[in-house]
Amino acid sequence: MVTRRPKLKNLPTKLLSPDVWAPVLVGILALVLWDILVRVTQLPPYILPGPILVLQTLFTDWRELFASLLVTLQITVVAFIAAAISGLLIAILFTQSKWIERSLFPYAVILQTTPIVAIAPLIILWLKNNTFAALVVCAWIVAFFPIVSNTTLGLNSVDRNLLNLFQLYKASRWQTLWYLRLPSAMPYFLGGLKISGGLSLIGAVVAEFVAGTGGAKAGIAYRILISSYNLQIPRMFAALLLTTGLGVLIFVSLSALSDFILGKWHESAVKQEN
């Protein structure tokens, strides 16, 4: 009987790897230099607060800032899921017909290159009865293109020998899609998800800036905006810290999902021993 070592025993080794301690060390060094700069130059808090003051403000205003962060997270998650589903379906549609891809892909590029700040007021105006939906649409516009472009590239990058083999055995178009194209495109799709996750957060924050909605359902961007107007710079930095932490958490979660899906079969994630 073969016994496998629990993965939890490898946890200390992973924590001591350069991938973990190197960025942590750089972050600590940056905080120390930041604190020294503030103390030596004696900058007032309304210009540049020290890291200790930012952390104190974060703990003091935690309840209000965290509630706003949850609102932004809700918009981000809904927009990301919509971008993932719509991007995958559109990419599959593109691979089914070159004419459809040639006709519609340029409009996807145009939508991506149009500044969201310019069109967000129109979207919010058109959906003025549902601000949440307007913010989700703005975040979706920013997030869906990486999934479309990456997945389309993956679906079109199938091994030609395998494609000829499927044609030799007279596989249908949907069998080829399900058993060949989609597995081949999976790394591209997951790579697009990692990009899209951060862009969903950026789109949600930008849309909240434009909307400027306050009250109990105000997002974290509104807290940043009001703090800057009132020169509450430590509070603004605390809100920025939460936003940055959320972005890092999204990327790490999607990276873990990618490693979990690809870890047992794809060359990009399988660890090879020399």
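As a reminder, the structure under discussion sits directly above these lines.
Values in this document were obtained by computation on a predicted structure and should not be read as measured data. (Residues numbered from 1 in each chain as written. Predicted model: local features only at pLDDT ≥ 70, side-chain atom pairs only at ≥ 80, totals over all residues. Heavy atoms only, no water.)

Visitor: Is there a simple way to explain the pattern of salt bridges in this structure?
Guide: For the structure shown, the criterion picks out 5 salt bridges. Here arginine 39 ties to aspartate 35 by a salt bridge, and the two come within 2.7 Å at their closest N and O atoms. Taken as a pair, arginine 39 and aspartate 35 lie in helix H2 (residues 18–41) at a separation of 4 residues, close to a single helical turn. A residue is classified by how much of its surface remains accessible, and arginine 39, at 55% relative accessible area, is exposed. Judged by relative accessible area, which is 18%, aspartate 35 ranks as buried. (Salt bridge = Lys/Arg side-chain N within 4 Å of Asp/Glu carboxyl O. Helix = DSSP H or I, 4+ residues; strand = E, 2+ residues; numbered from the N terminus. Buried < 20%, exposed > 50% of the residue type's maximum accessible area, 1.4 Å probe, protein only.)

Visitor: Would you mind showing me how to read helix H6 (residues 116–126) here?
Guide: Think of an α-helix as 3.6 residues a turn; residues three or four steps apart then line up on the same face. Of all the residues in H6, the buried ones are Ile116, Ile119, Ala120, Ile123 and Ile124. Along the axis of H6, the buried residues cluster in a sector spanning 145 degrees; they form a single face. Elements in contact with the buried residues of H6: helix H7 (131–156) and helix H9 (173–211). (Arc of directions from axis to C-beta. Contact = heavy atoms within 4.5 Å.)

Visitor: So what exactly am I meant to see when it comes to unusual backbone geometry here?
Guide: With a phi close to 55 degrees, glutamine 42 is a non-glycine residue in the positive phi region. Turning to its location among the elements, glutamine 42 is positioned in the loop between H2 and helix H3 (51–60). In the Ramachandran plot, leucine 231 falls in the positive-phi region, its phi being about 55 degrees despite a non-glycine side chain. Assignment of secondary structure puts leucine 231 in the loop between helix H10 (220–229) and helix H11 (233–262). We classify leucine 231 as exposed; its relative accessible area is 54%.

Visitor: In this structure, what is going on with a nonpolar patch on the surface? I would like to understand it.
Guide: Side chains of Val20, Val24, Ile28, Leu29, Val32, Leu33, Ile36 and Val40 sit close together on the surface and give an oily, nonpolar patch of about 700 Å² of accessible area. Along the polypeptide, valine 20 turns up in helix H2. (Patch = residues over 30% accessible without salt bridge, like charges linked within 9 Å, V, L, I, M, F, W, Y side chains within 5 Å. Areas by Shrake-Rupley, 256 points an atom, 1.4 Å probe, with all protein chains shown as cover.)

Visitor: What is the right way to read helix H8 (residues 160–168) from this model?
Guide: Where H8 begins, the capping side chain belongs to aspartate 159, and its oxygen is found 3.0 Å from the backbone nitrogen of asparagine 161. Once H8 finishes, lysine 170 follows within two positions and takes phi at roughly 55 degrees, a positive value. (Polar contact = N/O pair within 3.5 Å; in protein donor to acceptor, adjacent residues only side chain to side chain.)

Visitor: Where do I start with the nonpolar core in this structure?
Guide: Most often, soluble globular proteins keep nonpolar side chains buried together rather than apart. Residues Leu65, Ile147 and Leu193 are the most contacted members of the largest nonpolar core, which totals 31 residues. At the level of secondary structure, the elements contributing two or more residues to this core comprise H3, helix H4 (62–96), H7, H9, H10 and H11. The element best represented in this core is H11, accounting for 9 residues. Among all residues touching isoleucine 147, those that are not within four sequence positions of it are Ala83, Ala84, Gly87, Leu88, Thr152, Phe189, Gly192, Leu193 and Ser196. Ranked by size, the runner-up nonpolar core spans 19 residues in total, among them Val71, Ile75, Ile119 and Ala204. (Core = buried A, V, L, I, M, F, W, Y, C linked by side-chain atoms within 4.5 Å.)

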